[in-house]
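Architecture and fold: a report
Spelled out, the chains give:
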Amino acid sequence: MPEFSTSPGMRDIVSPESARWRRFVDSFELIVGVAGYELVIPPLLEDIGVFNRLGEATDVVTKEMYDFVDKGERHVALRPEQTASICRSFVQHRPTTPFKAWYSGPNFRYEKPQRGRYRQFDQVGVEVLGSLDPYVDIEVVQLGWSFLASLGLSRVELAINSLGEPDDRARYVAALNAYFLERTNELSPESQQTLTRNPLRVLDSKRSEDAAVIADAPLINSFWSDTAAAHFSTVCDGLTAVGVPYTIDLKLVRGLDYYRGTTFEFRGGTLDSAQNALGGGGRYDGLVADLGGPETPGVGFAIGLERTLLACDDEGVFPAADQSADVFVVDVCGGSVALEICTELRSLGIRTERSWDDRSMKSQMKSANRSGARFAVIIGEDEDQSDTAVIRDLRSDAEQVSVSRSNLAPTLKSRLSSLQGAV
RNA sequence: GUGGGCGUAGCUCAGGUGGUUAGAGCGUCAGGUUGUGGCCCUGAAGGCCGGGGGUUCAAGUCCCCUCGCUCACCCCA
């Protein structure tokens, strides 16, 4: 056993998964980029006050924060999410509104690790600051939806709800609290505990004992103001208009306290995981002001990489890319010819590998085979003397051919591109 | 934070009631004569049996502790 390995809940992302991660973020950038979102890269570390605004009653703040006092006596924390950082950045730099940002990167929460849940986890997301227009909500939800669809996912469900205006939400919470208190003895001990902290979150309980009580609980829609109801209705109509399928889930409440108005969640189609929330978001119209900025509405979402990739695995889509070489150079004359050929081919964009340590031809051919390369270029004594090279197709039984060294690169280039054309 | 399962070669795993040099498959490396891979054959390297303590003449095997992984709860991405 090695002396060191990754800390709990943290892991190395290694090949071929690592390349898949890069591609994931690239795909996201492609979709939000054409929609005019600009990249913001906030620091991993912030003053803990930035994150305290996520909610004094939330686990994320109360027990999952990676926080410490630095050498300058500042109380800082590794970010548990990026929305608050983006808002802080907005307050600090005051870009013109509407401000449309996207981000990607790791976040940290000190939780017990589990399938699809790590202490360091990556998210991609967008935030739009400065507009109350319901069409912003629509655009944001649509972006998340089309991104997931672009990965090939077809069994994702979009749940959407509105928490109403702050007053609506407050009245609803009060009503909910009264209702649950009345039937508190029917609730599971865990939910009774949750009730004291945040009645909304009791609705989230997945325990069967709670199901009956939750089923009869009052619903948010009867507390919506006219403004909130109209906003929500516009959002729903807009989604329908652009062909984004959704389900209204009046019991959808999200974990962070800053949400108000529209909230939504993308859920993976596979039921066997409790971690089926691939991503989610909503409006947080008070957050910028809470962080000391002007009254500025906001809406956004975050999508978890790990979970979304798990969903991709379940659906058999967005596979890890093929990383095999195009050409493998076998040189049994010391290796200097391989150096020259690799340099030339690579400069032409041909993925070229070779072996080292002066191994036998047989052993180098084995490596060539394993590399997945389409062609082996073989340099033996004869080729070295005559300034030629042998090209051998590793995936067909065609005769190998000998070409002059000056014709090697052009020949490979054209054979590779004709193969690509065939596919 | 709470509970269940599991920790043996790089990987996947065998190792009845404790008993001599801990095994297999895959992978890796080297060979199977004269410059050529994939199939097959042979051989080699590679393990403080997660760590610590205990019981015993003797522990991978039993007991305790600890660390880690995993699944569920909690919560969330």
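None of the values given here were measured: they were computed from a predicted structure. (Residues numbered from 1 in each chain as written. Chains lettered and ligands numbered in written order. Predicted model: local features only at pLDDT ≥ 70, side-chain atom pairs only at ≥ 80, totals over all residues. Heavy atoms only, no water.)

1. So, a nonpolar patch on the surface
Nonpolar side chains collect at one region of the surface, where Leu-44, Leu-45 and Phe-68 lie side by side and expose about 240 Å² of accessible area between them. Locating Phe-68 in the fold gives a position in strand 3 (residues 66-69). (Patch = residues over 30% accessible without salt bridge, like charges linked within 9 Å, V, L, I, M, F, W, Y side chains within 5 Å. Areas by Shrake-Rupley, 256 points an atom, 1.4 Å probe, with all protein chains shown as cover. Salt bridge = Lys/Arg side-chain N within 4 Å of Asp/Glu carboxyl O. Helix = DSSP H or I, 4+ residues; strand = E, 2+ residues; numbered from the N terminus.)

2. Focus on empty space enclosed by the protein
In this structure the tally under the stated criterion is three cavities of 30 Å³ or more. Size it by volume and the second largest cavity reaches roughly 40 Å³. Around the second largest cavity, the lining residues are Leu-163, Arg-169, Asn-198, Leu-200, Arg-201, Val-253, Arg-254, Leu-256 and Asp-257. Among the residues forming the lining of the second largest cavity, the class breakdown is four nonpolar, one polar and four charged. (1 Å grid on protein atoms, 1.4 Å probe; cavity = no way out; pocket = protein on both sides within 12 Å on 5 of 7 lines; lining within 4 Å. Points joined across faces, edges and corners; volume = space filled by probe spheres on them. Nonpolar A, V, L, I, M, F, W, Y, C, P; charged D, E, K, R; others polar.)

3. Regarding helix 1 (residues 17-33)
For helix 1, with 17 residues, the first-to-last C-alpha span of 24 Å sits near the 24 Å given by 1.5 Å per residue. All of the buried residues along helix 1 are Arg-20, Trp-21, Phe-24, Val-25, Ser-27, Phe-28, Ile-31 and Val-32. All buried residues of helix 1 fall inside an arc of 155° around its axis, so they share one side. Exposed side chains of helix 1 directed beyond 90 degrees from the buried face belong to Arg-22 and Leu-30. Where helix 1 is buried, its residues contact strand 5 (99-108), strand 6 (120-129), helix 5 (134-150), strand 11 (298-304) and helix 12 (305-315). (Expected span 1.5 Å × (residues − 1). Buried < 20%, exposed > 50% of the residue type's maximum accessible area, 1.4 Å probe, protein only. Arc of directions from axis to C-beta. Contact = heavy atoms within 4.5 Å.)

4. Comments concerning the layout of surface pockets
If a probe the size of a water molecule is rolled over the atoms, the empty space left behind becomes visible. In this structure, the second largest pocket spans a volume of roughly 480 Å³. In terms of lining, the second largest pocket is formed by 15 residues, of which the most central are Asp-326, Leu-416, Ser-417, Leu-419 and Gln-420. In the lining of the second largest pocket, the residues fall into five nonpolar, four polar and six charged.

5. Quick notes on the sheet that holds strand 2 (residues 45-47)
Strand order in the open sheet formed by three strands is 2-4-3, with antiparallel pairing between adjacent strands. The two strands at the open ends of the sheet, each matched to only one other strand, are strand 2 and strand 3. Going from strand to strand, the sheet's axes swing by 30° on average, the running direction of each strand aside. Pairing between strand 2 and strand 4 (residues 75-78): three bridges, direction antiparallel. Of the residues in strand 4, the one forming a bridge with Leu-45 is Leu-78. (Pairing = 2+ DSSP bridges. Axes fitted to C-alpha atoms, helices over the stretch in contact; angles between N-to-C directions.)

6. Things to note about the domain arrangement of chain A
Much of the literature gives interface size as the accessible area that the parts lose upon coming together. Each assigned domain of chain A is listed with its residue range as follows: domain 1 (17-165 + 225-315) and domain 2 (327-422). Averaged C-alpha coordinates put domain 1 and domain 2 at centres separated by 48 Å. (Domains from an automatic or database assignment.)

7. Digging into the protein's contact with RNA strand B
Close to RNA strand B lie 45 residues; Arg-207, Met-361, Arg-370, Asp-382 and Leu-394 are nearest. Counting only atoms of RNA strand B within 4 Å of the protein, the fraction found in sugar and phosphate groups is 55%. Separating a sugar or linking oxygen of RNA strand B from a backbone N or O atom of Ala-277 is a distance of 2.6 Å. With respect to RNA strand B, the side chain of Gln-400 contributes an N or O atom lying 2.7 Å from a base oxygen. Sorting the residues of the surface near RNA strand B by element identifies strand 6, strand 10 (277-283), helix 14 (361-371) and helix 15 (381-386) as the ones contributing at least two each. Ranked by residues supplied to the surface near RNA strand B, first place goes to helix 14 with seven residues. Here the residues of the surface near RNA strand B are counted per class, giving eleven nonpolar, twelve polar and 22 charged. (Near = heavy atom within 4 Å. Polar contact = N/O pair within 3.5 Å; in protein donor to acceptor, adjacent residues only side chain to side chain.)

8. Points about the sheet that holds strand 11
The strands that make up a sheet are held in pairs by hydrogen bonds between backbone atoms, and each pair lies either parallel or antiparallel. Here eight strands make up an open sheet; going across it, the order is 1-5-6-11-10-9-7-8 and the pairing mixed. In this open sheet, the two edge strands, each paired with only one partner strand, are strand 1 (38-39) and strand 8 (247-248). Of the pairings in the sheet, the one linking strand 9 (residues 262-267) to strand 10 comprises five bridges and is antiparallel in character. Opposite Phe-266, over in strand 10, you have Gly-279 as the bridge partner. Against the sheet, helix 10 (residues 226-241) touches strand 7 (157-162), strand 8, strand 9 and strand 10, its axis set at about 160° to strand 7.

9. Focus on the packing of helix 5 against helix 10
It is at 9 Å that the axes of helix 5 and helix 10 come closest, and there the two elements cross at 40°. Classified by the interaxial angle, the pair formed by helix 5 and helix 10 is oblique. The interaxial crossing formed by helix 5 with helix 10 has right-handed handedness. Residues Pro-134, Tyr-135, Asp-137, Ile-138 and Val-141 of helix 5 form the contact with helix 10, whose own contacting residues are His-231, Thr-234, Val-235, Gly-238 and Leu-239. For the contact of helix 5 with helix 10, the per-class residue count stands at six nonpolar, three polar and one charged. (Parallel < 35°, antiparallel > 145°, perpendicular 65-115°, else oblique. Left-handed = near helix turned anticlockwise from the far one by under 90°.)

10. Some remarks on the side chain of Asp-70
Position of Asp-70 relative to the elements: it lies in the loop between strand 3 and strand 4. Among the polar contacts made by the side chain of Asp-70, one reaches the main-chain amide nitrogen of Gly-72 at a distance of 2.8 Å.

11. Structural notes on the packing of aromatic side chains
Throughout the structure, instances matching the rule amount to 15 aromatic pairs. Ring geometry for Phe-24 versus Phe-147: centroids 5.0 Å apart, planes at 85°, classification edge-to-face. Pair noted here: Phe-24 is in helix 1 and Phe-147 is in helix 5, with a separation of 123 residues, a long-range link. A relative accessible area of 0% means that Phe-24 is categorised as buried. Ring centres 5.6 Å apart and planes at 70° place the aromatic pair Tyr-258 and Tyr-284 in the edge-to-face group. Of the two residues, Tyr-258 sits in the loop between strand 8 and strand 9 while Tyr-284 sits in the loop between strand 10 and helix 11 (287-290), which places them 26 residues apart along the sequence. Here Tyr-258 falls in the buried class, since its relative accessible area comes to 5%. (Phe/Tyr/Trp six-rings, centres within 6.5 Å; stacked < 30°, edge-to-face > 60°.)

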